[in-house]
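Structural characterization, general
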Amino acid sequence: MSNSVFPTLVGLEWGIEWEPEFFNRMQKAVSGKEYRANLGASPVYRLKLSYEFLKGGTQTDLRTLMGFFLERKGSFDSFLYLHPDDNAVTNQLIGVANGSKIQFQLVRSFGSAFVEPVCNVITVTNVKVNGVTKTSGVDYTVSATGMVIFASAPVSGNVTWTGTYYYRARFMQDNMSFSKFMKDLFSAKKVEMNASLGTKI
C-alpha cells in the first residue's frame, strides 16, 4: 500500500466520470419475495479520467503519468487520489459528546443522511466541541486512520471537524494506452481507478 499521490496534470479533459457502486446479494423466493443482503456499508467509487494531451519529449507529463502507473505495477499497488469535487469538509458533525466517549471517527456526509468514514486525512484545520475550537496535541490527537482521540471526554455538545482528505485508489487495469497524435504530444483516453474513503481498496 503506497502513500504516493496521483499526479495533477494539465491535460485532463473537463469532467470525470464518478460512479458509486454497492455490493448487494439478492435472492428471489418462489413466492416472488426478494431477500437482499448488503455486503458493505460504504461504496467503492469508480473514477474514469481522460487526458486530452500529455507533453512528451523533454517535458514530463507523459513520463509522470506512465511512470506513476509503472511504479504501481498496474492494479497491484494502491495510492492516494485527491478528488477535485470531494476532498474537504467544514464543520462536519462527527458525533455528540456525552461525558464518557473519547474517540470519534472523522466522517463526511453526502446528501441529507449518508455518512461515510474518512480515513486518509490530509489536514485537520480544527476540531470543535459545542462550537469551541480545541487545541491539537493538547485536547486531542488524530490517528493515521482519522480517529480523533480526546485527552479527556468532552462533556456535551456537537463534535465537528474541518479539513481535507484523499481517496485511496488503485488502477482498474494492468495496462494503460498512450497515443501520440502530434510531435511531443500524447493522449491517455482511458485512465480508470477504483477508490474508497477507507484505508483499503
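To start, this report covers the structure provided alongside it. (Residues numbered from 1 in each chain as written. Predicted model: local features only at pLDDT ≥ 70, side-chain atom pairs only at ≥ 80, totals over all residues. Heavy atoms only, no water.)

**Some points on the nonpolar core**
We count it as follows: By nonpolar core we mean a set of buried residues, namely Ala, Val, Leu, Ile, Met, Phe, Trp, Tyr and Cys, connected to one another through side-chain atoms within 4.5 Å. Under the scheme applied here, a residue whose accessible area is under 20% of the maximum for its type counts as buried, over 50% as exposed, and between as partly exposed, the area being computed with a 1.4 Å probe on protein chains only. By the convention used here, residues are in contact when the closest approach between their heavy atoms is within 4.5 Å.
In terms of nonpolar packing, the biggest core is built from 39 residues, with Phe6, Tyr51, Leu54, Leu65, Tyr81 and Val191 touching the most fellow members. Among all residues touching valine 191, those that are not within four sequence positions of it are Phe6, Leu47, Lys48, Leu49, Tyr51, Leu65, Phe171 and Met176.

**Considering the sheet that holds strand β12 (residues 140-142)**
Where we set the bar: Following DSSP output, two strands are said to pair if at least two bridges run between them. To qualify as a helix, a DSSP run of H or I must reach at least 4 residues; to qualify as a strand, a run of E must reach at least 2; elements of each kind are numbered from the N terminus. Note on definitions: angles span 0 to 180 degrees between N-to-C directions of axes, and those axes are lines fitted to C-alpha atoms, for helices only across the stretch in contact.
Strand order in this open sheet of three strands is β7-β13-β12, and the pairing throughout is antiparallel. The two strands at the open ends of the sheet, each matched to only one other strand, are β7 (103-105) and β12. The average undirected angle you get between the axes of adjacent strands in this sheet is 20 degrees.

**Quick look at the environment of glutamate 34**
The test is simple: Counting of polar contacts relies on pairs of N or O atoms within 3.5 Å, with two restrictions inside protein: one atom must be capable of donating a hydrogen and the other of accepting it, and residues adjacent in sequence are counted only when both atoms are side-chain atoms.
Along the polypeptide, glutamate 34 turns up in strand β3 (residues 34-38). Separated by 51 residues in sequence, glutamate 34 and aspartate 85 place their C-alpha atoms 36 Å apart. Setting aside its immediate chain neighbours within four residues, glutamate 34 contacts Met26, Gln27 and Lys28. Among the polar contacts listed, one links the side chain of glutamate 34 to the side chain of arginine 36, at a separation of 3.1 Å.

**Quick look at the pattern of salt bridges**
Spelled out, the test is: What makes a salt bridge here is a side-chain nitrogen of Lys or Arg within 4 Å of a carboxyl oxygen of Asp or Glu, nothing more.
Per the counting criterion, the structure on display carries eight salt bridges. With its nearest N and O atoms 3.2 Å apart, the salt bridge here joins lysine 189 to glutamate 13. Of this pair, lysine 189 sits in strand β17 (residues 185-196) while glutamate 13 sits in the segment before β1 (17-21), and the two are 176 residues apart along the sequence. Owing to a relative accessible area of 46%, lysine 189 belongs among the partly exposed residues under this scheme. Taken together, the salt bridges that share partners define one network made up of Glu13, Glu52 and Lys189.

**Description of unusual backbone geometry**
Of note, the phi angle at lysine 73 is positive, near 60 degrees, even though the residue is not glycine. Checked against the element boundaries, lysine 73 lands in the loop between α1 (61-72) and β5 (79-81). Since its relative accessible area comes to 59%, lysine 73 is described here as exposed. We note that aspartate 184 has phi near 60 degrees; this positive angle belongs to a residue other than glycine. Residue placement: aspartate 184 occurs in the loop between β16 (179-182) and β17. Exposure remark for aspartate 184: the relative accessible area of 31% places this residue in the partly exposed category.

**Observations concerning the packing of aromatic side chains**
Threshold: Each Phe, Tyr or Trp ring, with Trp reduced to its six-membered ring, pairs with another whose centre is within 6.5 Å; inter-plane angles below 30 degrees give stacked pairs, above 60 give edge-to-face pairs, and intermediate values give tilted ones. A ring has a charge above it when a Lys NZ or an Arg CZ is no more than 6 Å from the ring centre and no more than 35 degrees off the ring normal.
A full pass over the atoms with the stated rule returns 14 aromatic pairs. Ring centres of tryptophan 18 and phenylalanine 110 lie 5.9 Å apart, and the angle between their planes is 75 degrees; on these two criteria the pair is classed as edge-to-face. Of this pair, tryptophan 18 sits in strand β1 while phenylalanine 110 is found in strand β8 (residues 107-110), placing the two residues 92 residues apart along the sequence. In this structure an aromatic cluster arises from ring pairing among Phe6, Phe68, Phe69, Phe79, Tyr81 and Phe171. Taking NZ or CZ as reference, arginine 72 lies 4.6 Å from the ring centre of phenylalanine 68, over its face.

**Let's talk about the layout of surface pockets**
This is how the line gets drawn: Cavities and pockets are defined on a 1 Å grid built over the protein atoms alone: a cavity is a set of grid points where a 1.4 Å probe fits but cannot escape, while a pocket is an open set with protein on both sides within 12 Å along at least five of seven lines, and lining residues are those with an atom within 4 Å of any such point. Grid points are joined across faces, edges and corners, and a volume is the space filled by probe spheres set on the points. Under the convention adopted here, Pro, Cys and the residues Ala, Val, Leu, Ile, Met, Phe, Trp and Tyr are nonpolar, Asp, Glu, Lys and Arg are charged, and Gly plus all remaining residues are polar.
Within this model, the largest pocket holds a volume of roughly 340 Å³. Forming the walls of the largest pocket are 15 residues, and the residues nearest its centre are Leu12, Ile16, Tyr81, Leu82 and Pro84. Its residues placed into classes, the lining of the largest pocket shows eleven nonpolar, two polar and two charged. Surrounding the second largest pocket, Met1, Asn3, Leu80, Cys119, Asn120, Val121, Ala144, Thr145, Tyr166, Arg168 and Thr199 form its lining.

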